[in-house]
Amino acid sequence: MEKPNIILLGAPGSGKGTRAVVLSEVLGVPQIATGDLFRKNLKLMTEIGKVAKGYIDRGELVPDEVTAAMLRQRLEEPDAQNGFILDGFPRSVNQAKILDGLLAQKGAKINSVIYIKVDDEEIVKRLSGRMICSKCQAPYHKIDNKPKREGVCDKCGGELVVRDDDNPDTIRKRLKVFHETTFPLVELYPKSGILSEIKSEKSANGLKFDMAELSRRLGFIK
Ligand code: AMP
């Protein structure tokens, strides 16, 4: 069976992170979210964090050299050698080329791209209720995905916070960046026959069931 080298594509707030966490559990490979990596760097005030801050606050993309260097390092870690789920990278056609180059050096390639389709209206609604764990970055929602104890992460007990860039102005900017720069990838990947489109809706079966079904359909588990 092939190692799952997966990209999750979708607008901010499409439910990428939530699905990536569940897929990661189902497949036993790490979720690699460039946004989470940046937020860790911001918290620790590293050089990468200092460079990235202005871009993130404005809802713009951090320059490719910075993002790609950070990703290259993460892909070298031992847990990423048996597959990975990329969440938030690539976000442009140029980043897709960079990724192909990084993987080719390791004799690997992307074998599945999952696009989560959601309307903008729904996204704005969702992002306004989003919270994340300040410690482990697990995603929550004030209405759709409440923690067991208010304000506390179910997984690690960390404090739940609203992201600085989840404000109406930055949300609008991030959606514009998605449509202009990231969406062309949804038109690029079908050419290689590895794109699957899924809807970001609550299902009666639950997310774990759905992600296991999808993983089976894609041939990553039996
Ligand atoms: P996210 O958590 O994926 O919504 O990302 C939050 C912010 O981090 C984005 O609005 C960008 O400023 C930055 N970021 C995350 N991933 C990338 C990427 N692949 N390229 C450039 N900037 C990124």
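Reading the values: the criteria
Residues numbered from 1 in each chain as written. Predicted model: local features only at pLDDT ≥ 70, side-chain atom pairs only at ≥ 80, totals over all residues. Heavy atoms only, no water. Near = heavy atom within 4 Å. Polar contact = N/O pair within 3.5 Å; in protein donor to acceptor, adjacent residues only side chain to side chain. Areas by Shrake-Rupley, 256 points an atom, 1.4 Å probe, with all protein chains shown as cover. Nonpolar A, V, L, I, M, F, W, Y, C, P; charged D, E, K, R; others polar. Pairing = 2+ DSSP bridges. Helix = DSSP H or I, 4+ residues; strand = E, 2+ residues; numbered from the N terminus. Contact = heavy atoms within 4.5 Å.

Draft legend 1. Here's a closer look at the site of the ligand. With respect to spatial proximity, 16 residues lie near the ligand, and among them T34, E60, G88, R91 and Q95 are the closest. Separating a nitrogen atom of the ligand from a backbone N or O atom of V62 is a distance of 3.0 Å. Within the side chain of Q95, an N or O atom sits 2.8 Å from a nitrogen atom of the ligand. Against a free-state accessible area of 480 Å², the protein chains account for coverage of 96% of the ligand. By residue class, the composition of the shell around the ligand is five nonpolar, five polar and six charged.

Draft legend 2. Region of the structure containing the sheet that holds strand β6 (residues 139-141). A sheet is described by the order of its strands in space; here three strands give the open sequence β6-β5-β7, paired in antiparallel fashion. Sheet topology places β6 and β7 (160-161) at the edges, where each strand pairs with a single neighbour. The sheet contact formed by strand β5 (residues 130-133) and β7 spans two bridges and is antiparallel. Paired with I132 across the two strands is V161, which belongs to β7.

Draft legend 3. Looking closely at the environment of F220. Take F220: it is sitting in the segment after α9 (207-217). Linking F220 and F84, residues 136 residues apart in sequence, is a C-alpha distance of 12 Å. Those residues within four positions of F220 in sequence are excluded, and the remaining contacts are M1, E2, K3, P4, I6, L27, N111, S112 and S215.

Draft legend 4. Region of interest: the environment of H179. Here H179 shows up in helix α7 (residues 168-182). Distance from H179 to G10, taken between C-alpha atoms, is 10.0 Å for residues 169 residues apart in sequence. Those residues in contact with H179 that lie beyond four places of it in its chain are D120 and P184. There is a polar contact of 2.9 Å between the side chain of H179 and the side chain of D120.

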